[in-house]
Amino acid sequence: MTVLTRDQGCRRDLLWRLHLPRDEVAHLVSALTRAGWEDRSMVPQVRDFESDEGHSVVFVPRTGRIQIRVFYLTAHAKREGVAHKVEAQIRAALAARTG
Amino acid sequence: MDQRLVSDERGCMHDHAFNFIADVPTVFHCHHFNLFWDQTVDDGLGQELGTVIRTNAARESFHDLLSALADRAGAHNATERLELARVVAQGLGMGTVRFDLDRYGGQALGDHLHHAIAWLEKYPSVRRRHPTDALTAGFVAAAAEVAFQLPRDSMRCREQECLTLGDARCRFRAELGEPAPATTPMRRSEVEQAAGPLVHSQLERDIQPIVDTLRDFTASIRGDERGLVEAFGLFVSQLPTTYYNRIGYDALRHLQRTAPQSVPVMQALMREAGHVCVFNTFGAIMASPEWEGLVGAPTGDTENTLAACMAIARALGMGRWCVTEYVHGQRLVLRSPATYESTYYPSREGRAEQSQCFMFQGAAVATMQLVARVQWQARPNFDQALYDELFRGGMPWSCEETQCVSKGDPTCEVVVTLREGRSTFIA
């Protein structure tokens, strides 16, 4: 998985970007579901998961793009830290699948 | 009662690309546009009068929407109708409103209101001196009118406390007054009457499939538990077009009467709202993972960007925007059999002497900017810095609305041309 960067359209640290390698793409949905993220996807081309804290992971299976959306009421100073925490949760969810 | 009440009543004039809820014309806009449009009116008229005009426009348009929905949902008594209003506010992406009202007025509390939350997000260090949620004030007045079956435009409402003033929440006070002079409701029939014959677009084979995809996607959009809609990385609302149109044209009419020298400035600001809309909303949509999954990442090809902009405009309910001519970096001609502006203007203001689709004019220029000056393959960030670079440095384009349904033409047509001696290069 690529390093976490601010995504296009990111203002005040709300939108962050990751990219998943092709061999991991097929596993993210089940990994997040198993880790307790709520699947609220409206279409299969764009998967959308929400955590209990209100953060979102929007995932494009066809390209492997992941966008982390930090919950909009999170204080600005905490947003970057939250994004890294969500990234760690994604990595842990994928690792739990293989581990 | 839940938000399906709103989503089930969504409809559209598919060919003309206008959206409705319960046959009341509506349009999707993002928080950047919503704040800018309101601010345009306040800048033109001052905060006091601007707030009155915005409140009255919201009251009128939401009275029509809430009464139509109450009839369709079979909400007969005041309790049911106020509950319906709470659900509708959330379904439209306006936030959460709780009512403590009777037929003589009362109060309402607003939490996570679209405009207040958007203001704090966009301008965190700017403390306002006036409340920001005139839209919700008008909504509260309309909810009271519909709940207690009062005459249209008879309830007054003001926001007394506001998050953007540093208060803990937004608080509204409503009281019964004398009904304002009646206006004709804007419904689907008025839109159908104004819309001209269909226009054929270049790239139609590319545009329409994207429209259908986006329509399917936006049809299921609803507010979260706080009543905010977050989509494409933006806060989104679906509001009656009468709200936007009435505040813009009421403000212009007032200025024509009191300060005619300021009218061109106001019109320029209304055009700039079109820049804000296309840059922020269209740009963010095209840069979003939703777009990448549904349509494909932008390629930067002229045809790809043009088709995307036409499709987004149509799916949001701005009208059937069509490309009738494009010369790369030189000239763009857009036509629409009507816009949401020109379906309103003739029925309220009469036949215009000059073209009146200021948002469409600005949007056409901004479309040209996205096509000719944005480096899509470099993954641009649609932030204030890029906006300033593109729009505040003296744009190379001139723009003229050569035809307008508001003045009796069969279509609205905007021509964007590269100014003589100018280049599209960004230093």
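Residues numbered from 1 in each chain as written. Chains lettered and ligands numbered in written order. Predicted model: local features only at pLDDT ≥ 70, side-chain atom pairs only at ≥ 80, totals over all residues. Heavy atoms only, no water.

J.: Go over the sheet that holds strand β10 (residues 322-327) of chain B, please, and point to the residues and values.
T.: All names here are of chain B. Pairing is antiparallel across the open sheet formed by four strands, whose spatial order is β10-β11-β13-β12. Every other strand in the sheet has two partners, leaving β10 and β12 (397-403) as the edge strands with one partner each. Neighbour-to-neighbour, the strand axes of this sheet turn through a mean angle of 15°, independent of strand direction. Where strand β11 (residues 331-336) meets strand β13 (residues 412-418), six bridges bridge the pair, whose relative direction is antiparallel. In the sheet register, Arg331 faces β13, and the bridge partner there is Thr417. Contacting β10 and β11, helix α12 (residues 302-316) runs over the sheet at an angle of about 155° to β10. Packing of helix α14 (residues 358-372) onto the sheet brings it into contact with β10, β11, β12 and β13, and relative to β11 it is tilted by some 135°. (Pairing = 2+ DSSP bridges. Helix = DSSP H or I, 4+ residues; strand = E, 2+ residues; numbered from the N terminus. Axes fitted to C-alpha atoms, helices over the stretch in contact; angles between N-to-C directions. Contact = heavy atoms within 4.5 Å.)

J.: Describe the packing of helix α2 (residues 31-45) of chain B against helix α10 (residues 263-287) of chain B, naming the residues involved and giving the relevant values.
T.: Two quantities define a packed helix pair, namely the angle between the axes and the distance from one axis to the other. Residue and element names in this part refer to chain B. Two elements in contact, α2 and α10, have axes whose closest approach is 9 Å; the angle formed by their N-to-C orientations is 170°. The orientation of α2 relative to α10 falls into the category roughly antiparallel. Judged by residue contacts, His32, Phe33, Phe36, Trp37, Thr40, Val41, Asp43 and Gly44 of α2 engage Met266, Leu269, Met270, Glu272, Ala273, Val276, Cys277 and Asn280 from α10. Broken down by class, the residue content of the contact of α2 with α10 amounts to ten nonpolar, four polar and two charged. (Parallel < 35°, antiparallel > 145°, perpendicular 65-115°, else oblique. Nonpolar A, V, L, I, M, F, W, Y, C, P; charged D, E, K, R; others polar.)

J.: Provide a residue-level description of the packing of aromatic side chains, including the pertinent values.
T.: Residue and element names in this part refer to chain B. According to the stated counting rule, one finds 19 aromatic pairs over all chains in the structure shown. With a centroid separation of 5.9 Å and an interplanar angle of 85°, the aromatic rings of Phe279 and Phe391 are classed as edge-to-face. Here Phe279, found in helix α10, pairs with Phe391, found in helix α15 (residues 384-391); they are 112 residues apart in sequence, far enough to count as distant. Assigned by exposure class, Phe279 and Phe391 land together as buried. (Phe/Tyr/Trp six-rings, centres within 6.5 Å; stacked < 30°, edge-to-face > 60°. Buried < 20%, exposed > 50% of the residue type's maximum accessible area, 1.4 Å probe, protein only.)

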